[in-house]
Amino acid sequence: MTKLLEVTDLSKIFGGSVRAVDGVSFSLGERETLALVGESGCGKSTVSRLILRLTDPTAGVIRFEGQDMARMSQRALKAIRRDIQFVFQDPFSSLDPRMTAGDIVTEPLSIHGMVKGARQRRETAETLLRAVGLSAKHVDNWPRQFSGGQRQRLGIIRAFALGPRLIVADEPVSALDVSVRSQVINILQDMQEEKGTAYLFISHDMATVKHIADRVAVMYLGKIVELAPKASFFSAPRHPYSEALLSAVPASHPQKRRKRILLQGDPPSPIRIPPGCRFHTRCPIAQDVCRREEPALAQVADNHLAACHFAQAWPIASRLGEAMAPEPLAELSN
Ligand code: SF4
């Protein structure tokens, strides 16, 4: 698959000591959806802001179509901003209350001189509104006159207006009622199918991720701890943190119910990251080696990476049920 986005060793330290993002690497192919998941504060939203260049990285490289975004001229960056658009969580605060729906969805086109004159702008706005299931009659409505789901449709079509190659969607459905979430997800999928756009999809909702993602990256305390194709991730997660996240998702069938893994406490502060495996303070199967040595993000199955000394000792939940301590990887491979 052609790499559209390549992120290498990306880090962001705020205020000299808060390691919000700590050496993150991943790539994203054309038309691909990579879900970035984890608890709030894990660094996933900071990654999205770094890719959108809303904040500068402390270290690392972000390449878009092979070009290093950190070293781009302002002119090149402006051109790339047409190719990378965003959809944010709260459609209400991200829409200007003083602009009509028509002005909102055509604003990016106006900025880039791609629509001229009131008539062309209105016709374009009506076409865009219809593309996300809104009516052309909505063109003169204000954001407050729309429901949450309709507002997010406006946000989506505004993001698509310039024909971007990549959309960074940060929790795009989590502020919506459950009843409209699937409609908005379906719109995102239909638009992707039609336009061939790639998504970096930030979410904490595993059910939504299961529906939309091609691959899943799990972040914990600023690092990716698991990165895998969706099927492999949901059927055989290799990191205890991922398994805990998945164990909280209600199963569609009682026989498929996972053993619930309850994590103790909150994630540690990104100012004081624990030594060794950063998850060891909450991991239900942590061993001495975990407190000493940081596990590398290593391949454990086809295209499936995990950062755990015991990633081969899957499944962890059943081992917990048997009160078995896993053997270290080196011993297992003997
Ligand atoms: Fe848990 Fe140890 Fe694996 Fe870290 S390395 S996730 S502490 S078992």
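K.L.:
What is the right way to read unusual backbone geometry from this model?
P.N.:
Backbone geometry at arginine 31 places phi at a positive 65°, although glycine is not the residue there. Tracing the backbone through its elements, the reader meets arginine 31 in the loop between β2 (18-29) and β3 (33-37).

K.L.:
Even after reading the chapter, I still don't get the pairing of strand β9 (residues 215-220), so can you show me in this structure?
P.N.:
Moving residue by residue along a regular strand, the side chains alternate between the two faces of the sheet. Summarising burial for β9: six of the six residues are buried, a large majority. Of the two faces of β9, the one holding Arg215, Ala217 and Met219 and the one holding Val216, Val218 and Tyr220 are both buried throughout. Sheet topology note: the β9/strand β10 (residues 223-229) ladder contains six bridges and is antiparallel. Following the sheet pairing, arginine 215 is matched in β10 by proline 229.

K.L.:
Looking at this model, I keep getting lost on the side chain of glutamate 32. Mind explaining?
P.N.:
Tracing the chain through its elements places glutamate 32 in the loop between β2 and β3. Owing to a relative accessible area of 6%, glutamate 32 belongs among the buried residues under this scheme. Among the polar contacts listed, one links the side chain of glutamate 32 to the backbone nitrogen of glycine 29, at a separation of 2.8 Å.

K.L.:
What is the right way to read the packing of helix α5 (residues 148-160) against helix α6 (residues 178-195) from this model?
P.N.:
For any two helices packed against each other, the geometry comes down to the angle between their axes and how far apart the axes lie. Two elements in contact, α5 and α6, have axes separated by 10 Å at closest approach and are oriented at 15°. Relative to α6, the element α5 is oriented roughly parallel. Crossing of α5 over α6 shows right-handed handedness. Between α5 and α6, the contacting residues are Gly149, Gln152, Arg153, Ile156, Ile157 and Phe160 on the first element and Val180, Gln183, Val184, Ile187, Leu188, Met191, Gln192 and Lys195 on the second. Tallied by class, residues from the contact of α5 with α6 come to eight nonpolar, four polar and two charged.

K.L.:
In this structure, what is going on with the nonpolar core? I would like to understand it.
P.N.:
Val105, Leu154, Ile156, Ile157 and Phe160 are the most contacted members of the largest nonpolar core, which totals 35 residues. Those elements that place two or more of their residues in this core are α3 (101-111), α4 (118-131), α5, β7 (166-170), α6 and β8 (198-203). It is α6 that contributes the most residues to this core, six residues altogether. Ignoring sequence-local partners within four residues, the contact set of isoleucine 157 consists of Val105, Leu128, Ala131, Val132 and Met191. In this structure, Val21, Cys42, Ile62 and Leu166 belong to the second largest nonpolar core, which totals 31 residues.

K.L.:
Help me understand the sheet that holds β2, please; the structure alone is not making it clear to me.
P.N.:
Paired through their backbone hydrogen bonds, the strands of a sheet run either parallel or antiparallel. Within the open sheet, the four strands sit side by side as β2-β1-β4-β5. Their pairing is antiparallel. Strands at the two margins of the open sheet, each flanked by one partner only, are β2 and β5 (67-68). Where strand β1 (residues 3-14) meets strand β4 (residues 59-64), five bridges bridge the pair, whose relative direction is antiparallel. Paired with leucine 5 across the two strands is phenylalanine 64, which belongs to β4.

K.L.:
Help me understand empty space enclosed by the protein in this model?
P.N.:
Any empty space left between atoms is shown by rolling a water-sized probe over those atoms. For the structure shown, the criterion picks out three cavities of 30 Å³ or more. By volume, the largest cavity amounts to about 80 Å³. A per-class count over the lining of the largest cavity returns eleven nonpolar, three polar and no charged.

K.L.:
Help me understand the site of the ligand, please; the structure alone is not making it clear to me.
P.N.:
Surrounding the ligand, one finds 13 residues, the nearest of these being Cys277, Cys283, Cys290, Cys308 and Phe310. More than half of the atoms of the ligand fall within 2 Å of the grid points belonging to the largest cavity. When its residues are assigned to classes, the shell around the ligand shows ten nonpolar, three polar and no charged.

Reading the values: the criteria
Residues numbered from 1 in each chain as written. Predicted model: local features only at pLDDT ≥ 70, side-chain atom pairs only at ≥ 80, totals over all residues. Heavy atoms only, no water. Helix = DSSP H or I, 4+ residues; strand = E, 2+ residues; numbered from the N terminus. Buried < 20%, exposed > 50% of the residue type's maximum accessible area, 1.4 Å probe, protein only. Pairing = 2+ DSSP bridges. Polar contact = N/O pair within 3.5 Å; in protein donor to acceptor, adjacent residues only side chain to side chain. Axes fitted to C-alpha atoms, helices over the stretch in contact; angles between N-to-C directions. Parallel < 35°, antiparallel > 145°, perpendicular 65-115°, else oblique. Left-handed = near helix turned anticlockwise from the far one by under 90°. Contact = heavy atoms within 4.5 Å. Nonpolar A, V, L, I, M, F, W, Y, C, P; charged D, E, K, R; others polar. Core = buried A, V, L, I, M, F, W, Y, C linked by side-chain atoms within 4.5 Å. 1 Å grid on protein atoms, 1.4 Å probe; cavity = no way out; pocket = protein on both sides within 12 Å on 5 of 7 lines; lining within 4 Å. Points joined across faces, edges and corners; volume = space filled by probe spheres on them. Near = heavy atom within 4 Å. Sits in = over half its atoms within 2 Å of the grid points.

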